[in-house]
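Structure assessment
Residue strings, one per chain:
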Amino acid sequence: MWERLLVGAIVAFVVFKITLITYRRRKYPEPHEDWTAVDLEALNFPSDFRWGTATAAHQVEGHLVNNWSEHEENKNLERSGAACDHWNRWKDDFQLLTDLGLSSYRFSIEWSRLEPTEGEWDEAALAVYSAMVDDLLHRGIRPVVTLHHFSHPQWWEAKGGFANSANLPEFVRYCERVFDALSERVDTWVTVNEPTVFSTMGYTLGMFPPGRRSLRTTIRVMRNLLLAHAAVYKALKQKLPTAKIGIAKNVTLFDPKNRWSPIDWPLARLLEWFWNGAWRGGIQKGRMFFKDVPEAKGSLDFIGLNYYTHVLVGPASVSLLKMKFPKRKHEVATEFGYPMYAEGLRRAVEFLTPLGVPIEVTENGVADANDTLRTEHLKRHLWVLSQAIQDGHDIRSYHHWSLMDNFEWAEGYSMRFGLHHVDFETQERTLRGSGEAYKRIVQNN
Ligand code: IFM
């Protein structure tokens, strides 16, 4: 009986796949462009479209003492150390934004700077962030402020950080304090950066702090991050209803590696749901991982999209211990290992569209130390974005990751994502060829 059912299911699956493939006439399950036939110069962006770059405090500021510096020591990783010494050089770095002709800059505030010890606030540090905002506005650049980008104070981590819902009011209090100081001048806020990356890297793969490996805790952290976002959203909107508050969601796509495998396809759908769908559901329906989170429903004024790649899924390519990145034959592997797949940006936009809020591309970029890939990478992604806008998608901005090479978390300084090369000995910044290309695109659009 069971054998018959199994055979029936396999036959039905194969027939379904053949029908789908014949109907779509695709070589692969997911769409791919013939890039040789695409005119990458044919871009068309609205006049009020904002062009920007993005950074995050722990990756650029230098000499921070937080959950990440602790993790670097505990796991004997490369130390972030002085990073880009941006805390001392931010004025010069903002000049780089002006030189590129940009109109938006996304950066994050470091909680551990503002409250290094529980309850003790460093007003001088807050004044520096305030001066940064003034300087950006003076340059005609919109500041987009992220309140949590992977790092927070050690004292908070010691209490369990986002793994313990009792800690969330402290996070909300910190966010309110920053908001009180800056909201007259900053109108666009990102509560949390890449919640799924933070929780899976920290609590499933153990590569980010606190280096745990527990699926149960991962799910708890994901839910708590959603609750934290919702609580911050509510608190800040109460203070200033006109503020625009969103989250930066890393939309990684999961595609079946082998179209004939009855394992790859459901596995890909499962990961897609875990990584992306659970989040969208949380905001759309106020429900995440089979539990109600009513506070989260509708808690968005825009959605930040961080897009990098698609992951080809098969039993051998995904394990809980490490992720491997297979690629299609024609795809180029980036230095990080994952393929360049610009077509996925359109799919990510379409995935977020049902949320019914404008999209800001809060990150997109590539690790490419020799700058051999970045210009093509940039052009393909911007072409895809331009097409999506022309087809009616409400996309307001593009922030390239990153303004300059910086500390790439568990990868240390080995992955260089910058439009500017940074010599970490001298702190000299040099615009790369791809940076010149981005500048030209910004000028022409
Ligand atoms: O450097 C990171 C960033 O902090 C979050 N999004 C992805 C980037 C590149 O890996």
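No experiment lies behind these values; they were computed from the predicted model shown.

About the cut-offs
Residues numbered from 1 in each chain as written. Predicted model: local features only at pLDDT ≥ 70, side-chain atom pairs only at ≥ 80, totals over all residues. Heavy atoms only, no water. Axes fitted to C-alpha atoms, helices over the stretch in contact; angles between N-to-C directions. Helix = DSSP H or I, 4+ residues; strand = E, 2+ residues; numbered from the N terminus. Parallel < 35°, antiparallel > 145°, perpendicular 65-115°, else oblique. Left-handed = near helix turned anticlockwise from the far one by under 90°. Contact = heavy atoms within 4.5 Å. Core = buried A, V, L, I, M, F, W, Y, C linked by side-chain atoms within 4.5 Å. Buried < 20%, exposed > 50% of the residue type's maximum accessible area, 1.4 Å probe, protein only. Near = heavy atom within 4 Å. Polar contact = N/O pair within 3.5 Å; in protein donor to acceptor, adjacent residues only side chain to side chain. Nonpolar A, V, L, I, M, F, W, Y, C, P; charged D, E, K, R; others polar.

Comments concerning the packing of helix 9 (residues 195-203) against helix 10 (residues 215-239)
Taken N-terminus to C-terminus, the directions of helix 9 and helix 10 make an angle of 155°; their axes are 9 Å apart at the nearest point. The angle between helix 9 and helix 10 falls in the class roughly antiparallel. Seen along the crossing, helix 9 lies across helix 10 with a hand that is right-handed. When helix 9 is examined against helix 10, the residues Pro195, Thr196, Phe198, Ser199, Thr200 and Tyr203 are found in contact with a partner set consisting of Leu215, Thr217, Thr218, Val221, Met222 and Leu225.

Looking at the nonpolar core
Residues Trp51, Phe171 and Leu382 are the most contacted members of the largest nonpolar core, which totals 118 residues. The element best represented in this core is helix 10, accounting for 10 residues. Every residue in contact with phenylalanine 171, bar those within four places of it in the chain, is listed here: Trp111, Leu147, His148, Trp156, Phe162, Thr191, Val192, Ala228 and Val232. Of all hydrophobic cores here, the second largest spans 8 residues; its members include Tyr338, Ala367, Met415 and Phe417.

Remarks on the site of the ligand
Around the ligand, the surrounding shell consists of Gln59, His149, Phe150, Asn193, Glu194, Tyr308, Glu363, Trp401, Glu408, Trp409 and Phe417. At 2.8 Å from an oxygen atom of the ligand is found a side-chain nitrogen or oxygen belonging to histidine 149. Here glutamate 408 contributes a side-chain N or O atom positioned 2.6 Å from an oxygen atom of the ligand. Classifying every residue of the shell around the ligand by side-chain character gives 5 nonpolar, 3 polar and 3 charged.

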